[in-house]
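Coordinates in review
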Amino acid sequence: MLKRVPNCLLAELPAQYLDHYQTYKSLTAALETLNSERFRFLGVNSTEYCLPESLHLTPGKNVWWPARLGESVAPRNLCLIEQSGLPVTRRCLGDYLYGCAWDWNPGSELCTGQHRPTTSALYQYSVTSLNHSVLGEVLTRAGEILAVPEQVIPADLFYLSKTLENVPPVLEQSETGSPDEERRAYFCNVSTILSRVMYLNETTVVRSQRALNTTNILLDATETIVNRLAVANDTRAMMLEGDQYDCRDRGGAVQRHVQRHDGTVLFRTARLIVLIADPTVANVTGLALFRARNLSLEDLSDAAESSESEEDFSGYTLRYLYMNQSLEDLLAESDLEIGSFIPQHVIEGLDELNTAFRTPDDEEQDPDAPDESTTTLPSPVELPDPPVSAAPPPLRVIITIYYNDHAFRETKNGTIARPNSKIISVSLPGYGSRMPDEIPIYTREMARDLPSRCGYWSFEADNATEFGHWSYDECRLLNASDSGVSLCGCFHLTSFSRLTKDIQMVETVGVSQKLIADQGTLALDIITAIGCSMSLLGVMGIFATAALFPSWRVKASSKILLQLSCAIAIEMIIIFLEGPDIDQNRISQIECALLGGIFHYIILVTFMWMLITAYLQFMRYVKVLGQLRPAHFILKATVCCWGGPLLIVALFLSLDYTLYLKRDNLSDICYPHGRALWYGLLLPIGAIIFVNLVSFVIVLYHICTIPSNLTKSADHAMTLAQLRLSVFLFFLLGLPWIFGMLTTGTEEKLFAYLFCLTAPVQGFVLFVYFVVMDPTARRFWCRQLQRLPCCRARATKDADADQTTTSANTSFNTYL
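Being a predicted model, the structure only gives us computed values, none of them experimental.

**Observations concerning the pairing of strand 22 (residues 485-492)**
Most of strand 22 is tucked away: six of the eight residues are buried. Summarising the sheet, strand 18 (residues 434-444) and strand 22 pair through seven bridges and their orientation is antiparallel. Looking across to strand 22, one finds that isoleucine 439 is bridged to cysteine 490. Bridge analysis of strand 21 (residues 475-480) against strand 22 gives five bridges, and the strand direction is antiparallel. Looking across to strand 22, one finds that cysteine 475 is bridged to cysteine 490. Here strand 21 folds back onto strand 22, and the loop between the two strands holds four residues, one of which, glycine 484, carries a positive phi near 100°.

See below:
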């Protein structure tokens, strides 16, 4: 077992940073002594690093790792923010002219007191010096922690990446003498970790990547580990056997498959496949993934929809590709999913480049030198030793296939590139990333109706707000087949895919500063929960009134109110149940699409009944002559309000149900997106709100101009009635949703608070107006309460007051 390091014992600062820190402290102390009237010391800044103020943990403060300019770092002590599941962070700001300086210093009061054994274990691994004796246990334990995706928080992923970053130096110290079983376990452990990352909630992955560049650290560390293991002499013996290993947990044993003796070794997990090939043995330089020939595309699609747990590489077969593989023949295979190989002319080009790099410039023949063909050579013992040149690195081709893009997510806000196929990585350890000619990349597009481009993952950041991105240069489309397979050619070795466009909203502030935003979000959640609860209670009061008093519920106005209340109740329940924490690893895409479609449908139903209400109010208070309601109005309104939205939602679901899936934003839910959002939801809501707003203004104008012949004694009561009706109409006609629309695309919290304060209480306002403030409904309740001994006297008094204070002139009819 590994010894756990207490939080008070911090990891030592690396030597290079310790030298910078000591120089910084010495300069600061020396210059502070020069403070005088003529000289004032301001400070010492490095142009490359932000250095910690102290190396010791003190109460109320955190101890920070050094950070490069523009880098965000976590503290050396364990300090997590409960709301985000991330460690507090601090960013190194500045420039090369004035030097680097920290942003604000978050204190330890932000740290949650909650103890998470898994997070603590990964943290200890990340700050503890690893050695060969504990390496296997650390990798195994890290994979086990990821085995339960719903329990992994962003901090776990970050500390895991930092742990793997410390592994390559350990492998370098123990390159020889490692047993075959141990090296196989290393390969399987690393493959299992990456495979299980692809099962994590995408919100967890993106949040960790956005704050601390986690997945880039993870990808770089795992690639370095595999490369180190691949070029080691001990691995060559494994490759000569040509075995394939199934690393999935089956009783703890690594499963060996048939021997090929072709210079390859393959490790297969649920969502990751890694091939290491030595082309000098049997010319194997690539790997292709095929759909199972006994399954059609529809069968695989149905299996994927039936259970998320079945979405892995189980339904696929593998084939090794050789350096003389025909590009056209492979493209013509209809069941090809993804693949790549290094062509023979590229391998030969690498040899020529290595020869050129090893040949010194001064080895060109001197024209004045004697011709060796006519010169008598001295005895062999007198020949000078040939110049010793560095041996080329062993040629290894490493192909990695990723099931999804969890580890390849851009973190910028707005339009991003998203893979439209599985991802394949190609690398040649020791030969760089630039190839002498194009590498063929075969990919099958998942959505063929979307415009796609060939692209590769670049670890370089375009700006300070993102870490890594998909790039298109040095890649081009060479050909495409009728079955949906594209052939790309790329000069740059890295991870490849076919890319399309997507929209995402991400956090634009640091994790520590986001704590303030988290508190604001928590306040909005509390306000919304209280409002929804009040709304549900109000709707229950309306239904109770209808159930107890038949003469009240048979009126047309009550029937409309009951249907509007029913739609509001369903909407509030969905808001309670749905949220960004819904994990798509636990619900299928169909379930998410249906949930989003129901939410879309009930919102449209609610607004349709609001439109009907606005129409009736307009007819009552504006139109003074003629029939106020058409024949069979209730039946027609019911068909229109419940049937019209159903057609809209069914249309978008049938066209593309993926429009209702989560887009993996940090606050996304199963909800309409893209065309369904703009044309199926926002456009109808905007039109209804506009009509209701115009109706609201016209009705208020007519109400205010009606009482011209009232006596002064009734003026006050009439004013109160007008004000009451104005507030009622404002809530009833859905105008608070204007605030909701104004929150789109802005970080301003004012409209968010206004929306959360007004929209969720709509059902409660309906109950107050139609039941509590309506004399008729109130009289029904008073009579009902008279049957209770404790309420009989009070109810009688209220009923008498209603009869004496209500008149035709001062009481506005609250019926629709």
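Still more ground to cover, so stick around.
**A few points about the pattern of salt bridges**
Under the definition given, this model contains 19 salt bridges. Ionic pairing is found between aspartate 156 and arginine 116, a salt bridge with its closest N-O pair at 3.3 Å. Here arginine 116 lies in the loop between strand 7 (99-102) and helix 2 (117-127) and aspartate 156 lies in helix 4 (residues 154-165), a separation of 40 residues in the sequence. Here glutamate 202 and arginine 409 are joined by a salt bridge, their closest N and O atoms 2.6 Å apart. Taken together, the residues glutamate 202 in helix 7 (residues 202-212) and arginine 409 in the loop between strand 15 (397-402) and strand 16 (414-419) connect sequence positions 207 residues apart. A single network of salt bridges, built from pairs that share partners, joins Glu202, Asp405, Arg409 and Arg418.

**Let's talk about the sheet that holds strand 22**
Reading across the sheet, the six strands line up as 13-12-14-18-22-21 and stay open at both edges, with antiparallel pairing between neighbours. The open sheet has two edge strands with one neighbour each: strand 13 (316-322) and strand 21. Strand after strand, the sheet turns through a mean of 20° between neighbouring axes, direction not considered. Strand direction decides the pairing type here: strand 14 (residues 336-341) and strand 18, joined by three bridges, are antiparallel. Across the sheet, the residue bridging to glycine 339 is tyrosine 442, located in strand 18.

**Structural notes on the nonpolar core**
Nonpolar side chains in soluble globular proteins generally cluster together in the buried interior. Membership of the largest hydrophobic core comes to 99 residues, with the highest contact counts inside it found for Leu164 and Ile276. Taken together, domain 1 (15-110) and domain 2 (117-293 + 312-355 + 394-506) each give at least three residues to this core, which thus spans both. With 61 residues, the next largest nonpolar core counts Ile560, Ile689, Leu766 and Phe767 among its residues.

**Quick notes on the confidence of the model for the protein chain**
Do not read the predicted coordinates in detail wherever pLDDT is low. Within the protein chain, residue pLDDT values average 79, and 75% of them lie at 70 or more. Contacts of residues 360-389 to residues separated by more than four positions or lying in other chains number three contacts, the stretch itself having pLDDT below 50. Of the regions scoring below 50 in pLDDT, residues 805-815 engages in 29 contacts with residues more than four places distant in sequence or in other chains.

**Concerning the packing of aromatic side chains**
Applying the stated rule across the entire model yields 18 aromatic pairs. Between phenylalanine 313 and tyrosine 403 the ring centres are 5.3 Å apart and the planes differ by 75°, which places this aromatic pair in the edge-to-face class. Taken together, the residues span a long stretch of sequence, with phenylalanine 313 in the loop between helix 11 (297-306) and strand 13 and tyrosine 403 in the loop between strand 15 and strand 16 at a distance of 90 residues. The burial state of phenylalanine 313 is the same as that of tyrosine 403; both residues are buried. Through a chain of ring-to-ring contacts, three or more aromatic side chains come together here, namely Tyr402, Phe408, Trp457 and Trp470. Between the NZ or CZ atom of lysine 422 and the centre of the ring of tyrosine 403, over which it lies, the distance is 4.7 Å. Here the guanidinium or amino end of arginine 453 rests over the ring plane of tyrosine 472, the centre of that ring lying 3.9 Å away.

Conventions and cut-offs
- Residues numbered from 1 in each chain as written.
- Predicted model: local features only at pLDDT ≥ 70, side-chain atom pairs only at ≥ 80, totals over all residues.
- Heavy atoms only, no water.
- Buried < 20%, exposed > 50% of the residue type's maximum accessible area, 1.4 Å probe, protein only.
- Helix = DSSP H or I, 4+ residues; strand = E, 2+ residues; numbered from the N terminus.
- Pairing = 2+ DSSP bridges.
- Salt bridge = Lys/Arg side-chain N within 4 Å of Asp/Glu carboxyl O.
- Axes fitted to C-alpha atoms, helices over the stretch in contact; angles between N-to-C directions.
- Core = buried A, V, L, I, M, F, W, Y, C linked by side-chain atoms within 4.5 Å.
- Domains from an automatic or database assignment.
- pLDDT = per-residue confidence, 0-100.
- Contact = heavy atoms within 4.5 Å.
- Phe/Tyr/Trp six-rings, centres within 6.5 Å; stacked < 30°, edge-to-face > 60°.
- Lys NZ or Arg CZ within 6 Å of the ring centre and 35° of its normal.

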